[in-house]
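# Working through the structure, step by step
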Amino acid sequence: MLRIDDVDPGAGHHQVPRVNCSPDTHPFDGVIPAEKRPGRVDERVELWLRRTAASVGKARAFVRAVLPVEQLRHRIDDITLCVSELATNAVLHGSPAGHLILVRVIAHEALLRIEVHDAGESHPLPKAPADDDPSGRGLFLVEALADDWGAAPRDGLGKLVWVEFTLPADVSVHQPLSC
């Protein structure tokens, strides 16, 4: 059973926003506003999600909502598919029960980086599935579609898995509009 109060202490925030996933709330409640940090030109937005199958769709929708889809139309499907694969892995294999998943979108000029954080310790490795295996191809897709990807331990509990896309022009992230 998932407990929203069991927040991942490795998240790096002093106060973690609660994600309200009831049907009458906006799917992006709990978004942390984009920040411009001193000495850096990157922008970021984040969304905390419960460890449920529904979170995969919310992660995809969040990323499409915060990116300039028209500007990225040549890569948006690749970006969305990679987010879906990383979020699916976090839900199925990453965070232990009771922990949240963090989706972070970072824009740095013409580089887009998307991170999926979870409390799991195992690092993802591409598998070699048989032709008739129904799953196991997600990281091969990520490797084929993204310009780069990898995994790293976090300070504290868990890991982050990231994908990067080099874009032809600078990109910014923005807050999704409320319902």
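All of the points below concern the structure found in this document. Only a predicted model underlies this, so the values are computations on that prediction, with no experimental measurement involved.

### Let's talk about the overall build of the chain
Along the chain, the regular secondary structure elements total three helices and five strands. Written out in order from the N terminus, the α and β elements of the chain read β-α-α-β-β-α-β-β. Sorting the 179 residues of the chain into buried and exposed places 45% on the buried side. Contacts in the chain between residues far apart in sequence, at least 24 positions, make up 66% of those at least 6 positions apart.

### Things to note about the layout of surface pockets
Considered as a void within the structure, the largest pocket measures approximately 450 Å³ in volume. In terms of lining residues, the largest pocket is bounded by 23 residues, among which N89, H93, P124, K127 and L139 are the most central. Broken down by secondary-structure element, the contributors of at least two residues to the lining of the largest pocket are helix 2 (76–94), strand 3 (111–118), helix 3 (138–145) and strand 5 (159–166). Residue contributions to the lining of the largest pocket peak at eight residues, all from helix 2. Of the residues in the lining of the largest pocket, the class split is nine nonpolar, nine polar and five charged.

### Some words on the side chain of E85
On the secondary structure map, E85 appears in helix 2. Although buried, E85 forms no salt bridge, and the nearest oppositely charged side chain, R60, lies 7.8 Å from it. Setting aside residues no more than four positions away along its own chain, E85 makes contact with G138, L141 and V142.

### So, the packing of helix 1 (residues 54–66) against helix 2
How two helices pack is summed up by the angle between their axes together with the distance between the axes. The contact between helix 1 and helix 2 brings their axes to 9 Å, and the two run at 145°. Our pair here, helix 1 against helix 2, has a crossing hand that is right-handed. Across the interface between the two elements, V56, A59, R60, V63 and R64 of helix 1 pack against I76, D77, I79, T80, V83, S84, A87, T88 and V91 of helix 2. When the residues that make up the contact of helix 1 with helix 2 are grouped by side-chain class, the tally is eight nonpolar, three polar and three charged.

### What to know about helix 1
Look at helix 1: 19 Å from first C-alpha to last across 13 residues, which is about the 18 Å you get at 1.5 Å a residue. When helix 1 is considered as a whole, its buried residues turn out to be S55, V56, K58, A59, F62, V63 and V66. End-on view of helix 1: buried residues confined to an arc of 165°, all on one side of the axis.

### Some words on the pairing of strand 4 (residues 148–153)
Pairing of strand 4 with strand 5, which is carried by six bridges, proceeds in the antiparallel orientation. Following the sheet pairing, D148 is matched in strand 5 by E164. As consecutive antiparallel partners, strand 4 and strand 5 are separated by five residues, and within that stretch G156 has a phi angle of approximately 95°, a positive value.

### Digging into the nonpolar core
Grouped together as the largest cluster of nonpolar side chains are 35 residues, with contacts concentrated most on V63, L67, V105, I114 and V163. Mapped onto this core, the elements with two or more residues apiece are strand 1 (43–49), helix 1, helix 2, strand 2 (101–108), strand 3, helix 3 and strand 5. What V163 contacts, discounting residues up to four positions off in sequence, is C82, L86, L112, R113, I114, V142, A146, D148 and W149.

### Here we look at unusual backbone geometry
Even without glycine at this site, E109 takes up a positive phi of about 55°. Structurally, E109 is set in the loop between strand 2 and strand 3. Judged by relative accessible area, which is 44%, E109 ranks as partly exposed.

### Concerning the sheet that holds strand 3
Pairing is antiparallel across the open sheet formed by five strands, whose spatial order is 1-2-3-5-4. The open sheet has two edge strands with one neighbour each: strand 1 and strand 4. Direction aside, the axes of adjacent strands within the sheet are offset by 15° on average. Pairing between strand 1 and strand 2: seven bridges, direction antiparallel. Its bridge partner being in strand 2, E43 is matched across the sheet by A107. On top of the sheet, helix 1 reaches strand 1, strand 2 and strand 3; it is set at about 160° to strand 1, its chief contact.

Basis of the calculations
- Residues numbered from 1 in each chain as written.
- Predicted model: local features only at pLDDT ≥ 70, side-chain atom pairs only at ≥ 80, totals over all residues.
- Heavy atoms only, no water.
- Helix = DSSP H or I, 4+ residues; strand = E, 2+ residues; numbered from the N terminus.
- Buried < 20%, exposed > 50% of the residue type's maximum accessible area, 1.4 Å probe, protein only.
- Contact = heavy atoms within 4.5 Å.
- 1 Å grid on protein atoms, 1.4 Å probe; cavity = no way out; pocket = protein on both sides within 12 Å on 5 of 7 lines; lining within 4 Å.
- Points joined across faces, edges and corners; volume = space filled by probe spheres on them.
- Nonpolar A, V, L, I, M, F, W, Y, C, P; charged D, E, K, R; others polar.
- Lys, Arg positive; Asp, Glu negative; His and termini not counted.
- Salt bridge = Lys/Arg side-chain N within 4 Å of Asp/Glu carboxyl O.
- Axes fitted to C-alpha atoms, helices over the stretch in contact; angles between N-to-C directions.
- Left-handed = near helix turned anticlockwise from the far one by under 90°.
- Expected span 1.5 Å × (residues − 1).
- Arc of directions from axis to C-beta.
- Pairing = 2+ DSSP bridges.
- Core = buried A, V, L, I, M, F, W, Y, C linked by side-chain atoms within 4.5 Å.

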